[in-house]
Amino acid sequence: EDGTLQGLLELADVAYVGPGHLGSAVGMDKDVTKRLLDHAGLPVVPWVTLTTWSWAHHQPEQRAAIARLGFPCFVKPANAGSSVGVHKVTTPDQLDAALADAFRYDTKLLVEAAVDAREIECAVLGNDDPAAATPGEIVVHHKDGFYSYDAKYVDPDGSHWQIPADLPPDTLAEVRRLAIQAFRVLELAGLARVDFFSERGTGRLYVNEVNTLPGFTAISMYPKMWEAAGLSQIGRAHV
């Protein structure tokens with residue numbers, strides 16, 4: 001998903017599905033994704049970026065930056081998926097262990113402010129004139145309290161999906177608008193799933209991340225959102 005295979009296919013003049021090498025690389029790196037979205041004026045959760053070098057040489061400054069974010073917060077590898085290496089840190093004394101584990105998966109990490117939010121997803125399809133499907137919601141029941149690896153893949157009752165998401169019509173429209181805008185800002189193409197947080201109490205939306213090769217399993221949200229939008233017959237006809 002990180003653009004290396006896409007670049008190889010382009011050099012070999014082999015057609016493939018999904019974003020090109022640039023969009024794939026950008027979408028894989030959560031830090032670069034957030035910087036580009038933030039620069040374009042899209043709402044993102046406040047964050048601090050750490051690297052193994054910066055943590056080794058500027059730890060006091062980085063600890064201070066994380067303290068300004070506050071607790072709880074989330075620690076994430078910048079280049080990973082399926083919530084591998086992601087930790088919810090509720091108190092400062094849990095931080096070092098969470099960072100040590102996340103650094104097992106990447107040399108660059110994000111520490112994000114925690115938002116009490118619902119998990120909203122939106123499927124985007126197209127190239128120059130992309131369209132967004134009916135947004136859905138991942139409702140999490142797992143003891144981790146967020147959409148963790150176990151909630152996704154281990155616990156069969158860890159979560160369930162709801163399409164359309166139970167949001168006001170104007171909010172659903174705003175999710176679709178932001179999803180298409182993020183798709184364009186990040187140089188994506190073909191297809192992608194754009195994930196959001198909807199803050200409880202305020203309804204404020206944040207773009208969380210993108211998945212440039214969303215799953216197509218029996219439980220995957222991407223095809224289910226397009227099916228809810230009435231695209232299932234067309235999709236089968238094109239296979």
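### Some thoughts on the packing of aromatic side chains
Here comes step 1: In total, this model carries one aromatic pair according to the counting rule given.
Here comes step 2: Aromatic side chains Phe 216 and Tyr 222 sit 5.5 Å apart centroid to centroid with 55 degrees between the ring planes, which places their arrangement in the tilted category.
Here comes step 3: For Phe 216, a relative accessible area of 55% translates into the label exposed.
Here comes step 4: Judged by its relative accessible area of 3%, Tyr 222 is buried.

### Describing the pattern of salt bridges
Here comes step 1: Following the criterion strictly, the structure yields 14 salt bridges and no others.
Here comes step 2: Across the pair Arg 184 and Asp 129 runs a salt bridge, and its minimum N-O distance is 3.8 Å. Of the two residues, Arg 184 sits in helix H8 (residues 169-185) while Asp 129 sits in the loop between strand S5 (117-126) and strand S6 (131-132), which places them 55 residues apart along the sequence.
Here comes step 3: Overall, Asp 129 belongs to the exposed group, its relative accessible area being 64%.
Here comes step 4: Through salt bridges with shared partners, one network takes in Asp 29, Asp 31, Arg 35 and Lys 108.

### Details of unusual backbone geometry
Here comes step 1: In this structure, Pro 72 follows Phe 71 across a cis peptide bond, with omega equal to 5 degrees.
Here comes step 2: Of note, Pro 72 is situated in the loop between helix H5 (59-69) and strand S2 (73-77).
Here comes step 3: Along the chain, Ile 163 connects to Pro 164 via a cis peptide bond; the corresponding omega equals 0 degrees.
Here comes step 4: If you check the backbone angles, Asp 13 has positive phi at about 60 degrees while not being a glycine.
Here comes step 5: Inspection of the secondary structure assignment puts Asp 13 in the loop between helix H1 (4-11) and helix H2 (21-28).
Here comes step 6: Even without being a glycine, Glu 187 presents a positive backbone phi close to 60 degrees.

About the thresholds
Residues numbered from 1 in each chain as written. Predicted model: local features only at pLDDT ≥ 70, side-chain atom pairs only at ≥ 80, totals over all residues. Heavy atoms only, no water. Phe/Tyr/Trp six-rings, centres within 6.5 Å; stacked < 30°, edge-to-face > 60°. Buried < 20%, exposed > 50% of the residue type's maximum accessible area, 1.4 Å probe, protein only. Salt bridge = Lys/Arg side-chain N within 4 Å of Asp/Glu carboxyl O. Helix = DSSP H or I, 4+ residues; strand = E, 2+ residues; numbered from the N terminus.

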